[in-house]
Amino acid sequence: MIFKKKPKIFDRVLPWVIIVTGFLGLLASFMLTVDKFKILKDPNFIPECNLNPIFSCSSVMSQPQAEIWGIPNTIFGIIAFSAIITIGAAMLFGAKYNKRFWQLFQLGALGGLLGAGYLFFQGVYRIGAVCPWCALTWVSVIALNVYLLVWNLRTGNITLPKRFKSAGAFIQANHAGILLSIYIVIVCLILKRFWYFFAG
């Protein structure tokens, strides 16, 4: 979208939101990939992100859920988050994307969110551990989805049915509170699941 008037603050900040969320996700994916290679080389290697029995990267990396067709999930993360950073950086240099691009970007981000949700469920409720680096990807993917949605609603790239217009307006007006609430819910779910450890 080409602005004829001075862009609003949100419009100027969006590229940085995309870059920062992409960088955080890339950092987490890269560090997990490095640790994965070290574990493959030395099964006795203990990653620094193994903080305790609950917050442990190796506990999660050693499980089947950490791979797709034998390829570590982190490899896909490196590819996806690198692309996200590239999109944000291009925006800083004046790149403009059309409506269809933003819709597909939102769809791709939603796919990443569903993947993060699946891994959250598997880690917390099936494996019984939280990977700190994985948690960083949850933070970044959730923020990316929220602010992409706000952008797409504000610019008309995504149009909601009339009955959901009020919900769209609420999201645009309260995006920071919504994001914080999601993070609080995640923390509460983790505390509830592992309360036996924290209470002891």
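All values derive from a computational prediction rather than experimental measurement. The residue count restarts for each chain, going from 1 along the sequence in the order it is written. For this predicted model, a pLDDT threshold of at least 70 governs which residues receive local features, and a threshold of 80 or more governs which side-chain atom pairs are given and counted, while totals over whole chains, interfaces and linings are taken from all residues. Derived side-chain values reflect all non-hydrogen atoms in the structure, with water molecules and hydrogen atoms excluded from consideration.

Novice: I'm lost on the side chain of Thr21 in this one. Help?
Specialist: Here a helix means four or more residues in a row that DSSP labels H or I, a strand means two or more in a row labelled E, and each is numbered from the N terminus. Looking at where Thr21 falls in the secondary structure, it is placed in helix H1 (residues 9–41). For Thr21, a relative accessible area of 7% corresponds to the buried category. Two residues qualify as a contact provided that any one of their heavy atoms is within 4.5 Å of a heavy atom in the partner residue. Setting aside residues no more than four positions away along its own chain, Thr21 makes contact with Phe81, Ser140, Ala143 and Leu144. Only protein chains enter the accessibility calculation, which uses a 1.4 Å probe; a residue is then buried when its area is under 20% of its type maximum, exposed when over 50%, and partly exposed in between.

Novice: Mind showing me how you'd approach the layout of surface pockets here?
Specialist: Take a probe with the size of a water molecule and roll it over the atoms, and the empty space left behind shows itself. Cavities and pockets are found on a 1 Å grid laid over the protein atoms alone: a cavity is a set of points where a 1.4 Å probe fits but cannot escape, a pocket is an open set with protein on both sides within 12 Å along at least five of seven lines, and a lining residue has an atom within 4 Å of such a point. Grid points are joined across faces, edges and corners, and a volume is the space filled by probe spheres set on the points. Roughly 890 Å³ of internal volume is contained in the largest pocket. Surrounding the largest pocket, 41 residues form its lining, Asn73, Gly77, Gly115, Ala116 and Leu119 being those nearest its centre. Looking at the lining of the largest pocket, the elements with two or more residues in it are H1, helix H2 (57–61), strand S1 (67–68), helix H3 (73–92), helix H4 (99–127) and helix H5 (132–155). Ranked by residue count, the leading element in the lining of the largest pocket is H4, at 13 residues. Considered class by class, the residues forming the lining of the largest pocket number 26 nonpolar, 13 polar and two charged. Space inside the second largest pocket adds up to approximately 250 Å³. If you go around the second largest pocket, the residues you meet are Gln106, Leu110, Leu113, Ile142, Asn145, Val146, Leu149, Ile158, Ile171, Ile178 and Ile182. Of all elements in the fold, only H4, H5 and helix H7 (175–193) reach the threshold of two or more residues within the lining of the second largest pocket. Lys, Arg, Asp and Glu make up the charged group, whereas Ala, Val, Leu, Ile, Met, Phe, Trp, Tyr, Cys and Pro make up the nonpolar group; the residues left over, Gly among them, are polar.

Novice: Which parts of the structure should I look at to understand the nonpolar core?
Specialist: Proteins that are soluble and globular tend to have nonpolar side chains buried together. Only buried residues count toward a nonpolar core. Its members are Ala, Val, Leu, Ile, Met, Phe, Trp, Tyr and Cys residues joined through side-chain atoms within 4.5 Å. Counting residues in each nonpolar core, the largest one holds 39 residues, and the members touching the most others are Ile18, Trp102, Phe105, Trp138, Leu144 and Ile190. Mapped by element, the contributors of at least two residues to this core are H1, H2, H3, H4, H5 and H7. With 11 residues, H5 is the largest single contributor of residues to this core. Residues in contact with Trp138, not counting those within four places in the same chain, are Ala116, Phe120, Val130, Ile186 and Ile190.

Novice: What is the right way to look at the environment of Phe93 in this model?
Specialist: Position of Phe93 among the secondary structure elements: in the loop between H3 and H4. Taking relative accessible area as the criterion, Phe93 reaches 78% and is therefore assigned exposed. Separated by 57 residues in sequence, Phe93 and Val150 place their C-alpha atoms 22 Å apart.

Novice: Is there a simple way to think about a nonpolar patch on the surface in this case?
Specialist: On the surface, Val187, Leu191, Trp195, Tyr196, Phe197 and Phe198 cluster together to form a nonpolar patch covering roughly 590 Å² of accessible area. For the nonpolar patch, the secondary-structure elements that each account for two or more residues are H7 and helix H8 (195–198). Top contributing element to the nonpolar patch by residue count: H8, with four residues. With respect to the helices, strands and loops of the structure, Phe198 is situated in helix H8. Owing to a relative accessible area of 32%, Phe198 belongs among the partly exposed residues under this scheme. Candidates for patches are residues over 30% relative accessible area with no salt bridge; among them, like charges are joined within 9 Å and nonpolar side chains (Val, Leu, Ile, Met, Phe, Trp, Tyr) within 5 Å. Calculation of accessible area relied on Shrake-Rupley with a 1.4 Å probe; when residues are assessed, cover is drawn exclusively from the protein chains displayed. Definition used for salt bridges: Asp or Glu carboxyl oxygen within 4 Å of a side-chain nitrogen of Lys or Arg.

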